[in-house]
Amino acid sequence: MNIEYGFQATMTAKEGKADELVELLLSGPTAGPSAHEGCLVFLVSRSATQPDVVHLVEGWVSEEVHHAVFDDPESQGYIARFAELVADSTYADFVPLGGKAILAPALSPSATGR
């Protein structure tokens, strides 16, 4: 499958909520919208200098699939939990052109020393 649609978000967690936000995002590939087979890339990271800043990159088979998954009532519940944790965010859609990702298993926030 090819990635035809991408999405990038930079979020600032509400005070004291960064670890919870990261945990919720990291649950996405198994218990959230990104568990859908149309989600081919789902990367969660934190700023090296601002521990409340969390970055998310997604790659989907199409924009239509992305929107359909997030319109689902179950996904709306996930989004509501997510919104409770975020103070500010910026989003950008993009068309992936290529690249590479080799990932180790996700680390919990405590494993990253934050």
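Residues numbered from 1 in each chain as written. Predicted model: local features only at pLDDT ≥ 70, side-chain atom pairs only at ≥ 80, totals over all residues. Heavy atoms only, no water.

Asks: What is the right way to read the packing of aromatic side chains from this model?
Replies: Geometrically, a pair of aromatic rings is defined through the distance of the ring centres and the angle of the planes. Going through the model one piece at a time under the given rule, you end up with two aromatic pairs. Ring geometry for Phe-7 versus Tyr-91: centroids 5.5 Å apart, planes at 40°, classification tilted. Residue Phe-7 is found in strand S1 (residues 5–13), and its partner Tyr-91 is found in strand S4 (residues 86–94); the two are separated by 84 residues along the sequence. Residues Trp-60 and Phe-70 carry aromatic rings whose centres are separated by 6.0 Å and whose planes lie at 70° to one another, so their mutual orientation is edge-to-face. Highlighted residues: Trp-60 in strand S3 (residues 53–60) and Phe-70 in helix H2 (residues 63–71), separated in sequence by 10 residues. (Phe/Tyr/Trp six-rings, centres within 6.5 Å; stacked < 30°, edge-to-face > 60°. Helix = DSSP H or I, 4+ residues; strand = E, 2+ residues; numbered from the N terminus.)

Asks: What exactly am I supposed to notice about the sheet that holds S4 here?
Replies: Adjacent strands of a sheet form backbone hydrogen bonds with each other and so pair up, either parallel or antiparallel. As summarised here, the arrangement of the four strands in space is S2-S3-S1-S4, forming an open sheet in which the pairing is antiparallel. The two strands at the open ends of the sheet, each matched to only one other strand, are strand S2 (39–46) and S4. Across this sheet, the average inter-strand angle for adjacent strands is 15°, counted without regard to direction. Where S1 and S4 come together, eight bridges link them in antiparallel fashion. (Pairing = 2+ DSSP bridges. Axes fitted to C-alpha atoms, helices over the stretch in contact; angles between N-to-C directions.)

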